[in-house]
Amino acid sequence: TSEHDPNLLIAFDVSESMGIEDYDGPSSRLNRFLREFESSKLHEDLAEKYRLRFFEFDTEAREARPLDQISPRGHHTDLRRSLEELAQKGVDANTIAAVLVTDGADNAGKDLFGATELFARRGVPLLVVGMGTEEVKDLEIASISTRRIVRMNTTVVVRAKIKQNGFRHRLIPVEITRAGEVVSRKEISLKNEITTVEFEFTPTEEGLLRYKLELPP
């Protein structure tokens, strides 16, 4: 390619949600696209026809670093501002199209119509490659059972049912805490839709003691 070839803008969403591993195998949304794009014939074909310009965005758009150094790191996504900045920084008379690689998660919640119009008015098609699976991933503490009143220095048994969707065969931590301190912790394998976990611990103080069962991140 040369500087006279048409420009094709490709902008990658680098917000935290693009780091979610919801495909088969340990591959995030962003890494899956980058791996397949770089190894595919499509990349070669596009590079032969167009001058590829890479951008990345989260709360703003900026020229991207080398593709092997791009990673999800933005805490928030502002699609409108990113699109506005992409149009300002990347679009010129030689731009043939802009491609947005994103999962569509937008923390800012702003209307995108005005931003997309910036591309339409310049005659630049805005194409979106959607990332992520249709399956909604969720973890839920479905139930907890235990005795509410026990004597001091008596063993307490707590049983909890963890319900999962999209986390099958994953290993996750489950904790019982008191005042922010971990009292007991286990790691469980989510082989079925509902997995039962059981804890035993012994209170050594009198009075009203509050415990929490949690699924830490």
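Residues numbered from 1 in each chain as written. Predicted model: local features only at pLDDT ≥ 70, side-chain atom pairs only at ≥ 80, totals over all residues. Heavy atoms only, no water.

Examining the confidence of the model for the protein
Phase 1: Averaged over all residues, the pLDDT of the protein equals 89, while 94% of them reach at least 70.
Phase 2: The spread of mean pLDDT over the elements of the protein runs between helix H4 (residues 113-121), the lowest at 89, and strand E1 (residues 7-13), the highest at 96. (pLDDT = per-residue confidence, 0-100. Helix = DSSP H or I, 4+ residues; strand = E, 2+ residues; numbered from the N terminus.)

Details of unusual backbone geometry
Phase 1: For Asn 153, which is not glycine, the phi dihedral falls at a positive 65 degrees.
Phase 2: Of note, Asn 153 is situated in the loop between strand E6 (138-145) and strand E7 (156-165).
Phase 3: Phi at Ala 179 is positive, roughly 55 degrees, even though this residue is not glycine.
Phase 4: Topologically, Ala 179 is positioned in the loop between strand E8 (171-178) and strand E9 (181-189).
Phase 5: A residue is classified by how much of its surface remains accessible, and Ala 179, at 79% relative accessible area, is exposed. (Buried < 20%, exposed > 50% of the residue type's maximum accessible area, 1.4 Å probe, protein only.)

A short note on the sheet that holds strand E10 (residues 194-201)
Phase 1: In spatial order, the strands read E6-E7-E10; together these three strands make up an open sheet with antiparallel pairing. The sheet terminates laterally at E6 and E10, the two strands that pair on one side only. Within the sheet, the average angular offset between the axes of one strand and its neighbour, ignoring direction, is 25 degrees.
Phase 2: Relative to E7, E6 is paired through seven bridges, and the arrangement is antiparallel. Residue pairing across strands places Glu 140 opposite Lys 163, the latter belonging to E7. (Pairing = 2+ DSSP bridges. Axes fitted to C-alpha atoms, helices over the stretch in contact; angles between N-to-C directions.)

Notes on the sheet that holds E8
Phase 1: The sheet built from three strands is open, its strands ordered E9-E8-E11 with antiparallel pairing. Two strands in the sheet have a free side with no partner beyond their single neighbour: E9 and strand E11 (212-214). Taking each pair of neighbouring strands and ignoring which way they run, the sheet shows an average axis angle of 20 degrees.
Phase 2: Note: E8 against E11, three bridges, orientation antiparallel. Residue pairing for E11: Thr 177 is matched across the bridge by Lys 212.

Here we look at the packing of aromatic side chains
Phase 1: This model, assessed by the stated rule, comprises five aromatic pairs.
Phase 2: On the numbers, 6.4 Å between centres and 80 degrees between planes, the contact of Phe 37 with Phe 54 is edge-to-face. In this pair, Phe 37 sits in helix H1 (residues 29-39) while Phe 54 sits in strand E2 (residues 51-57), placing the two residues 17 residues apart along the sequence.
Phase 3: By relative accessible area, Phe 54 is classed as buried at 18%.
Phase 4: Clustering of aromatic rings is evident, with ring pairs tying together Phe 12, Phe 33, Phe 37 and Phe 54.
Phase 5: For the cation-ring pair, Lys 186 lies above Phe 199, with the distance from its terminal atom to the ring centre recorded as 5.6 Å. (Phe/Tyr/Trp six-rings, centres within 6.5 Å; stacked < 30°, edge-to-face > 60°. Lys NZ or Arg CZ within 6 Å of the ring centre and 35° of its normal.)

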